[in-house]
Amino acid sequence: MTSNILRRVRISVIAVAGGALALSACSSGGGGDGKDEQSKEPKLEQQSITIGTAADSTGPAPDLAGAKPGGTVSVLQRDAFEHLDPGQIYVSDELIMQTLYNRTLTTYKVDDKTGKVTLVGDLATDTGKPSDGGRTWTYTLKDGLKFEDGTPITSKDVRHGIERLYAKYQTNGPTYLQQWLSGAGQEYRKALPDGPYGGKHLPDSVLATPDDKTIVLKFGQPRAEVPFAVAMPNITAVPAAKDTKEKYDKAPLASGPYKVQNFKPGKSVEFVKNENWDPRTDAVRHQYVDSFQVSFGHQWVDSTRRLLADKGADRTGMTWTNAVDPSQISTVLANKGATPRTFTRTQPYVDVVSFNMDRIKDKRIREALAWAWPSGQVLQQYGGPKAGEVAGSLVGPTLKGYKDFDPFGKKKYPAGNPEKAKALLKEAGAEGRTIVYAYANTGPAQNAAVVVERALEKAGFQVEKKEIDSSTYYTQIGKVKNLFDAYRSSWGADWPSASTVVPPLYDGKNVYDDSANYSHLNSKTVNAEIARVEKIGDIDQAGDEWVKVSEKILTDEVPQVPLFFNRLYTLWGSGLGGVKWHEPYGAVDPTAVFVK
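Residues numbered from 1 in each chain as written. Predicted model: local features only at pLDDT ≥ 70, side-chain atom pairs only at ≥ 80, totals over all residues. Heavy atoms only, no water.

1. Looking at the overall build of the chain
Condition: Helix and strand assignments follow DSSP, with helices taken as H or I runs no shorter than four residues and strands as E runs no shorter than two, numbered in order from the N terminus. The size measure is the radius of gyration over C-alpha atoms, and the globule rule it meets is 2.2 Å times the number of residues to the 0.38 power. Throughout this description, buried means an accessible area under 20% of the type-specific maximum (1.4 Å probe, protein chains only), exposed means over 50%, and partly exposed covers the range between. Working definition of accessibility: Shrake-Rupley area with a 1.4 Å probe, residue cover restricted to the visible protein chains.
Looking only at helices and strands, one finds 15 helices and 23 strands in the chain. Relative to the compact-globule value of 25 Å for 596 residues, the chain shows a C-alpha radius of gyration of 23 Å, a close match. Based on the C-alpha atoms only, the size of the chain along its principal axes is roughly 70 × 55 × 40 Å. Taking all 596 residues of the chain together, the buried fraction comes to 64%. As displayed, the chain offers around 21000 Å² of accessible surface, 49% of which is attributable to carbon and sulfur atoms.

2. Quick notes on the packing of helix α14 (residues 524-534) against helix α15 (residues 539-557)
Put simply, the rule reads: All axes are obtained by fitting lines to C-alpha atoms, using only the stretch in contact for helices, and the reported angles, taken between N-to-C directions, cover 0 to 180 degrees. Orientation labels follow simple angle bins: below 35 degrees gives roughly parallel, above 145 gives roughly antiparallel, 65 to 115 gives roughly perpendicular, and whatever is left gives oblique. Residues are treated as being in contact if the distance between any of their heavy atoms lies within 4.5 Å. Think of it as three bins: nonpolar holds Ala, Val, Leu, Ile, Met, Phe, Trp, Tyr, Cys and Pro, charged holds Asp, Glu, Lys and Arg, and polar takes everything else, Gly as well.
Interaxial distance between α14 and α15 falls to 10 Å at its minimum, and their mutual angle equals 175°. Between α14 and α15, the crossing angle belongs to the class labelled roughly antiparallel. Contact residues: α14 offers Val526, Glu529, Ile530, Arg532, Val533 and Glu534, while α15 offers Ala542, Glu545, Trp546, Val549, Ile553 and Glu557. Grouping the constituent residues of the contact of α14 with α15 by class yields 7 nonpolar, no polar and 5 charged.

3. Observations regarding the side chain of histidine 582
The topology assignment puts histidine 582 in strand β21 (residues 580-582). The residues contacting histidine 582, other than those within four sequence positions of it, are Ile96, Tyr108, Val110, Ala587 and Asp589.

4. A word on the confidence of the model for the chain
Note the cut-off: Within a predicted model, pLDDT stands for the predictor's per-residue confidence, ranging from 0 to 100.
When pLDDT is averaged along the chain, the result is 90, and 92% of the positions lie at 70 or above. Ignoring residues within four places in sequence, the model shows residues 1-46, a span with pLDDT below 50, making 242 contacts including any to other chains.

5. Thoughts on the packing of helix α8 (residues 363-372) against helix α10 (residues 418-428)
Note the following rule: Each crossing is labelled by how the near helix is turned from the far one, with a counterclockwise turn of less than a right angle marking it left-handed and a clockwise turn marking it right-handed.
Where α8 contacts α10, the axes come no closer than 8 Å and their chain directions differ by 165°. In terms of axis orientation, α8 runs roughly antiparallel to α10. Between α8 and α10 the crossing geometry is left-handed. Counting all contacts with α8, which are made through Arg364, Ile365, Glu367, Ala368, Trp371 and Ala372, the residues of α10 involved are Lys420, Ala421, Leu424, Leu425, Glu427 and Ala428. Of the residues assigned to the contact of α8 with α10, the class counts are 8 nonpolar, no polar and 4 charged.

6. Description of the environment of arginine 103
Within the element layout of this structure, arginine 103 appears in the loop between α2 (92-97) and β4 (106-110). Note on arginine 103: relative accessible area 1%, which makes it buried. In this structure the C-alpha to C-alpha distance between arginine 103 and methionine 232, which are 129 residues apart in sequence, comes to 9.6 Å. With sequence-adjacent residues up to four places away left out, arginine 103 is seen in contact with Asp122, Leu123, Lys142, Leu145, Thr236, Ala237, Ser255, Gly256, Trp277, Thr281, Asp282 and Arg285.

7. Observations regarding the environment of alanine 498
Here alanine 498 is to be found in the loop between β18 (486-492) and α13 (502-506). With residues up to four places along the chain from it excluded, the contact list for alanine 498 reads Val395, Leu399, Pro503 and Trp546.

8. Remarks on the sheet that holds strand β14 (residues 342-355)
Where we set the bar: Any two strands are treated as partners once DSSP identifies two or more bridges connecting them.
On the basis of which strands lie adjacent, the open sheet formed by 6 strands has the order β15-β19-β14-β18-β16-β17 and mixed pairing. Pairing within the sheet leaves two strands with one partner each, and these edge strands are β15 (388-390) and β17 (462-468). Averaged over neighbouring strand pairs, the angle between their axes works out to 30° when direction is ignored. Along the sheet, helix α11 (residues 443-458) contacts β16 (434-440) and β17; its crossing angle with β16, the most-contacted strand, is approximately 165°.

9. Things to note about empty space enclosed by the protein
Filter applied, for reference: A pocket, in this scheme, is an open set of points on a 1 Å grid over the protein atoms alone with protein on both sides within 12 Å along at least 5 of 7 lines, while a cavity is a set where a 1.4 Å probe fits but cannot get out; residues line either one if an atom lies within 4 Å of a point. Grid points are joined across faces, edges and corners, and a volume is the space filled by probe spheres set on the points.
Within this model, the largest cavity holds a volume of roughly 110 Å³. Contributing to the lining of the largest cavity are 17 residues, with Val350, Leu394, Trp491, Val501 and Leu505 lying nearest its centre. When residues of the lining of the largest cavity are traced back to their parent elements, those giving at least two are β14, β18 and α13. Looking at the lining of the largest cavity, its residues break down into 12 nonpolar, 4 polar and 1 charged. In this structure, the second largest cavity encloses a volume near 70 Å³. Together, 15 residues line the second largest cavity, and Tyr382, Tyr437, Tyr439, Ala445 and Arg488 are the ones closest to its centre. By residue class, the composition of the lining of the second largest cavity is 14 nonpolar, no polar and 1 charged.

10. Re the side chain of aspartate 157
Checked against the element boundaries, aspartate 157 lands in helix α3 (residues 155-163). Among residues more than four places away in sequence, those in contact with aspartate 157 are Phe147, Pro152, Thr236, Ala237, Val238, Pro239 and Ala240.

11. Some thoughts on α14
Worth spelling out the cut-off: By arc we mean the arc of the directions from the helix axis to the C-beta atoms, nothing more.
Every buried residue belonging to α14 is among Val526, Asn527, Ile530 and Val533, and all of these are buried. Relative to the axis of α14, the buried residues are bounded by an arc of 130° and lie together on one face. Within α14, the exposed residues directed more than 90 degrees away from the buried face are Lys524 and Thr525. On its buried side, α14 packs onto α13 and α15.

12. So, the pattern of salt bridges
When their charged atoms lie close together, side chains carrying opposite charge are able to pair. As a reminder of what qualifies: The rule for a salt bridge is simple: a side-chain nitrogen of Lys or Arg has to be within 4 Å of a carboxyl oxygen of Asp or Glu.
What the rule picks out here adds up to 37 salt bridges. Of the charged contacts, one joins aspartate 122 and arginine 103 as a salt bridge, the two residues approaching to 2.8 Å between their closest N and O atoms. Taken as a pair, aspartate 122 in the loop between β5 (117-121) and β6 (129-131) and arginine 103 in the loop between α2 and β4 lie far apart in primary sequence, 19 residues in all. In this structure, the salt-bridge partner of glutamate 453 is lysine 465, at a minimum N-O distance of 3.3 Å. Residue glutamate 453 is found in helix α11, and its partner lysine 465 is found in strand β17; the two are separated by 12 residues along the sequence.

13. Some points on α8
To be explicit about the condition: Pairs of N or O atoms are called polar contacts if they sit within 3.5 Å, as long as, within protein, a hydrogen donor faces a hydrogen acceptor (for residues adjacent in sequence, only side-chain-to-side-chain pairs).
Judged by how many residues are buried, α8 sits mostly within the fold: 8 of 10 residues are covered. Three or more residues of α8 are buried, namely Ile365, Arg366, Glu367, Ala368, Leu369, Ala370, Trp371 and Ala372. Elements that come into contact with the buried residues of α8 comprise β14, α10, β16, α11, α15 and β19 (560-571). Put simply, aspartate 362 is the residue that caps the front of α8, since its side-chain oxygen is 2.8 Å from the backbone nitrogen of arginine 364.

If you want it as structure tokens, here you go:
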């Protein structure tokens, strides 16, 4: 989800009802029992992303009816952006933010009317041409691409952008492409330990740029999902001459319609028009607004109150990942003027509680925790049905192959099943076992900790609560040698396939500090199953197999207990048009926004 707060984290992690550290993803407040509201919520549905053609990838993006240039949009965000360097971005608010200034080999095109999502070429002319049975993928750059300083974008810039991801300071972004090219876990770094900075490069047998327009990626086995992997924010162009390494995080060179201006870490950032962006090269983005002025530190209570009031500058205000505050949901629902400028959308994130398998070695104790955990009551602390739906499985319903799977009865027993848990604890001879439960110092997490403590004590556990500052939460639980037994996290699939969930979260190769394998699961059986499914070249077949593996992991290993599948209920000002939902990132898409 960050330190390696990978996508799961804030967006991931990010996540829940939109927003910030997954831990605090959803929101504060309670929200009643949710029975009446739940029936009104749309069912979570599987994402459907079409693979586009070269024609779909050709700009410019069609103009929106009523759209006009000019104006300033204020963006109210709870969490400050830690990273602007595309190589370091992997949380939801930053993922959607980078779409304004950063272009990748491929990207997602969201239809302005239907919301249909198509994967298209972005820097590239199409989504890639496979050969050698899917072991080789070739990309051709579009004509007319330029950085914000007017310098043409070439294949060498894309090569540099990829090779810099091998450097030690690049710790936070996704690793799919690097691992597929050069080795699993952290092994890939050995292929280019200092990145491209010492004048070294990956061999042409791995990554080749035969001319200024062509990039050739070569893998050791078929990789059917490459078009999705190269849509991640770090598969972009970075000119070697302007690469300032760590400092690039504060001032990246733009390739999109906007560029970074006045970045004040922890406080604000502004995005202004990039004069060297050519709309004819871009099938996705518009450049209607003069600037987006983003400010941080707006709790959901604040952003909801301001956007609902719809006064002054807030009439042209929005948020990309803040949710409607749970305590104000009924107020927003009762406001007929606000209804047209809200929506509730399914996100690709699943909230779970991880069990530290280095500390809780007895599977029966982990099973007892899974049965006892009050998932439904926890969801109420994050906003109830508007924030999500109680989860029974580790893989969310937006992914290929999803099946309704609930081995620990989370939907039947939203407050937990203490009797079942007690029996397992007794069988394990662990009655009264103390569980060290870590949680963030945010309102929702604090409220949830109280609910969790009561439920676990009712099931025969003792609970020792450990509160952690939200700014370091994922760093603390991401330590392999942490001193906690259980802790919440959220993970969002990077595209609609459980291949972006099962390997990063449950492969034993990913047991290292800052990894998303928070349970430290390292099972020979699971590792072998992951290796087997990774060799399947058909995306649909692999999707079904990944789900089967996830089910076996949950029942055979019990490294986590599912909490809920996420939703975002959000609001914007009446002075804006072109607001739409970005399904893959689970956030509000700013790329077509205009001031009315």
